Amino acid sequence: MQQFASDNCAGICPEALQALLAAEAGDAPGYGEDEWTRRVSDRLRELFETDCDVYFVFNGTAANSLALAALCQSYHSVICHELAHVETDECGGPEFFSNGSKLLTARGEGGKLTPEAVREVISRRSDIHFPRPRVVTLTQATEVGTVYRPAEVAAVAELAHAHGLRVHMDGARFCNAVAALGVAPADITWRAGVDVLCFGGTKMGLPVGEAVVFFDRRLSEDFAWRCKQAGQLASKMRFLSAPWLGMLEGGAWLRHAAHANAMAQRLAAGLAGIPGARLLFPVEANGVFVALPDSVQQGLRARGWRFYTFIAAGGARLMCAWDTHPESVDALLADLRELSS
Ligand SMILES: *Cc1c(COP(=O)(O)O)cnc(C)c1O
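Definitions and limits used
Residues numbered from 1 in each chain as written. Predicted model: local features only at pLDDT ≥ 70, side-chain atom pairs only at ≥ 80, totals over all residues. Heavy atoms only, no water. Buried < 20%, exposed > 50% of the residue type's maximum accessible area, 1.4 Å probe, protein only. Helix = DSSP H or I, 4+ residues; strand = E, 2+ residues; numbered from the N terminus. Pairing = 2+ DSSP bridges. Core = buried A, V, L, I, M, F, W, Y, C linked by side-chain atoms within 4.5 Å. Contact = heavy atoms within 4.5 Å. Expected span 1.5 Å × (residues − 1). Polar contact = N/O pair within 3.5 Å; in protein donor to acceptor, adjacent residues only side chain to side chain. Axes fitted to C-alpha atoms, helices over the stretch in contact; angles between N-to-C directions. Domains from an automatic or database assignment. Buried area = accessible area lost by both parts, 1.4 Å probe. Near = heavy atom within 4 Å. Areas by Shrake-Rupley, 256 points an atom, 1.4 Å probe, with all protein chains shown as cover.

**Q** Can you walk me through the pairing of strand β1 (residues 53–57) in this structure?
**A** In the case of a regular strand, side chains alternate between the two sheet surfaces. Counting buried residues along β1, five of its five residues qualify, which places the element largely inside the surrounding structure. Going residue by residue along β1, you find D53, Y55 and V57 tucked away on one face and V54 and F56 tucked away on the opposite face as well. Inspection of the sheet shows β1 paired to strand β7 (residues 210–214) by five bridges, in the antiparallel sense. What sits directly across from Y55, in β7, is V212.

Written as structure tokens, this is what we have:
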């Protein structure tokens with residue numbers, strides 16, 4: 001049965017797989033000197049309508065950790081939401097790769113940082129005994145399935161830049177955010193003040209891999225060395241980069257993301273009619289967070305459904321992916337209805 005535990009339960013989407021197989025034909029130079037990596041980097045520059053600098057790494061933890069490390073000295077700090085993946089799910093990777101830059105958490109409704117919350121952290125201390133804030137990181141779409149509007153990103157970024165901070169975006173679900181907002185990727189990134197984006201590939205339907213996109217190229221000066229030292233420079237890079245071609249050429253990345261978002265809407269609409277089920281956050285991307293009675297949660301697990309409850313304090317997280325079938329959504333809803341009646 002199809003699960004809603006995570007969007008990385010899904011397989012490889014056909015467009016990515018085709019592109020991977022096409023890259024298998026013949027020899028090619030290693031370490032990113034190949035034609036596929038060059039072409040994908042060019043496609044990303046077209047997509048973002050700017051001359052950005054692009055790197056491919058293994059996973060999101062590496063992408064975030066190395067990107068943040070590139071923006072910080074060890075005595076700096078990074079402001080993030082208290083639910084941010086960098087804080088809760090990366091095993092101290094950002095601190096480790098930055099040699100100790102401290103994460104400072106802030107609160108905010110719906111998993112989003114606000115300028116007020118960021119200002120409070122920035123102005124909390126300015127003395128030499130406290131790690132100096134240098135980066136704000138935003139997650140788009142957020143850990144609880146909401147999205148920042150371009151003006152919301154711009155407001156945080158404007159404040160950050162005014163105080164000499166850089167802006168990083170954890171875009172593990174960037175595709176879902178773009179599909180939800182219907183904006184140009186540039187409008188929610190560099191035009192709104194984002195300096196570096198970790199563009200998620202895995203949850204989008206790739207076999208593996210994320211792109212680190214530097215809009216301010218000065219920040220990526222030594223990034224290639226940082227990736228190599230961290231064990232993130234793939235020797236057969238083309239197998240990391242080529243699947244991106246399949247996603248970007250022809251717009252599969254956005255189509256699949258829109259589908260995942262639509263499945264989340266279908267699920268949310270069904271939940272609205274189920275007594276005892278209460279949505280915890282607005283459903284804006286591909287995640288649905290719902291409070292369910294314990295007995296219903298147990299019943300779902302007994303019927304084989306898997307889901308996490310640690311993110312939303314006991315609420316179930318139900319993620320939709322590029323391959324989520326409407327029938328799977330309906331099967332989950334049918335079980336929920338039976339268990340709730
Ligand atoms: C999945 C995810 C990541 C990346 O996680 P990895 O398991 O390291 O690939 C990063 N940020 C967010 C918000 C995520 O959901």
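**Q** Honestly, the nonpolar core in this entry has me stumped. Any pointers?
**A** Nonpolar side chains in soluble globular proteins tend to end up buried together. Counting residues in hydrophobic clusters, the biggest one holds 58 residues, and the most contacted among them are L44, F56, V136, F199 and W244. Looking at this core element by element, the count peaks at six residues for helix α10 (residues 238–248). Aside from chain neighbours lying at most four places away, what touches V136 is I79, L113, V118, V156, A160, L165, R166, V167 and H168. M263, V296, L318 and L332 belong to the second largest nonpolar core, which has 23 residues in total.

**Q** Honestly, helix α3 (residues 60–71) in this entry has me stumped. Any pointers?
**A** Three- or four-residue spacings in an α-helix give side chains the same orientation, since the helix completes a turn every 3.6 residues. Relative to the 16 Å expected for 12 residues at 1.5 Å per residue, α3 spans 17 Å between its end C-alpha atoms, a close match to the ideal helical length. Among the 12 residues in α3, nine count as buried, and that is most of the element. Of all the residues in α3, the buried ones are A62, A63, N64, S65, L66, A67, L68, A69 and L71. Backbone nitrogen of T61 and a side-chain oxygen of the N-cap are separated by 3.4 Å at the start of α3; the cap is N59.

**Q** What is the right way to read the sheet that holds strand β6 (residues 196–200) from this model?
**A** The strands that make up a sheet are held in pairs by hydrogen bonds between backbone atoms, and each pair lies either parallel or antiparallel. Taken in spatial order, the seven strands of this open sheet run β1-β7-β6-β5-β4-β2-β3, and their pairing is mixed. What marks the edges here is a single partner per strand, and that holds for β1 and β3 (102–106). Between one strand axis and the next, the sheet turns by 25° as a mean value, whatever way the strands run. Along the sheet, helix α2 (residues 35–47) makes contact with β1, β6 and β7, crossing β1 at roughly 125°.

**Q** Please explain the side chain of Q3 as it appears in this structure.
**A** If you trace the backbone, Q3 turns up in the segment before α1 (14–23). Of the polar contacts made by the side chain of Q3, one reaches the backbone oxygen of G304; its length is 2.8 Å. In terms of polar contacts, Q3 uses its side chain to reach the backbone amide nitrogen of R306, at 2.7 Å. With residues near it in sequence (within four places) discarded, Q3 still touches G304, W305, R306 and M319.

**Q** Mind showing me how you'd approach the domain arrangement of the protein chain here?
**A** By a frequent convention, interface size equals the accessible area lost on bringing the separate parts together. Looking at the assigned domains, one finds that the protein chain contains domain 1 (13–248) and domain 2 (252–340). Each of domain 1 and domain 2 has a C-alpha centre, and these two points are 27 Å apart. Contact with domain 1, which involves 27 residues of that partner, is made by 22 residues of domain 2. Both sides together, the interface formed by domain 1 and domain 2 hides about 1900 Å², and carbon and sulfur atoms give 63% of it.

**Q** I tried to follow unusual backbone geometry on my own but got confused; where do I start?
**A** Leave glycine aside and you will find that most residues have negative phi; peptide bonds, for their part, are mostly trans. Cis geometry is adopted by the peptide bond preceding A141, which originates at Q140 and carries an omega value of -10°. Relative to the helices and strands, A141 resides in the loop between β4 (132–139) and α7 (150–162). The backbone of Y31 sits at a positive phi, close to 60°, despite the residue not being glycine. Structurally, the position occupied by Y31 is in the loop between α1 and α2. Judged by relative accessible area, Y31 falls into the partly exposed class, the value being 46%. Positive phi, close to 60°, is recorded for N99, a residue that is not glycine. Positionally, N99 belongs in the loop between α5 (93–97) and β3.

**Q** How should the site of the ligand be read in this particular structure?
**A** By nearness alone, every residue bordering the ligand is listed as N59, G60, T61, N64, H85, E90, T139, E143, D170, A172, R173 and K203. The side chain of H85 places a nitrogen or oxygen atom 3.4 Å from a nitrogen atom of the ligand. When the ligand is considered free in solution it has 390 Å² of accessible area, and contact with the protein chains removes 83% of it. In terms of residue count, the dominant contributor to the shell around the ligand is α3 (three residues).

**Q** Quick question: what am I supposed to make of the sheet that holds strand β10 (residues 308–312) here?
**A** The four strands are arranged β8-β9-β11-β10 in an open sheet whose pairing can be described as antiparallel. Among the strands making up the open sheet, the edge pair consists of β8 (278–279) and β10. Across two bridges, β10 lies against strand β11 (residues 315–319) in antiparallel orientation. In the sheet register, A312 faces β11, and the bridge partner there is G315.

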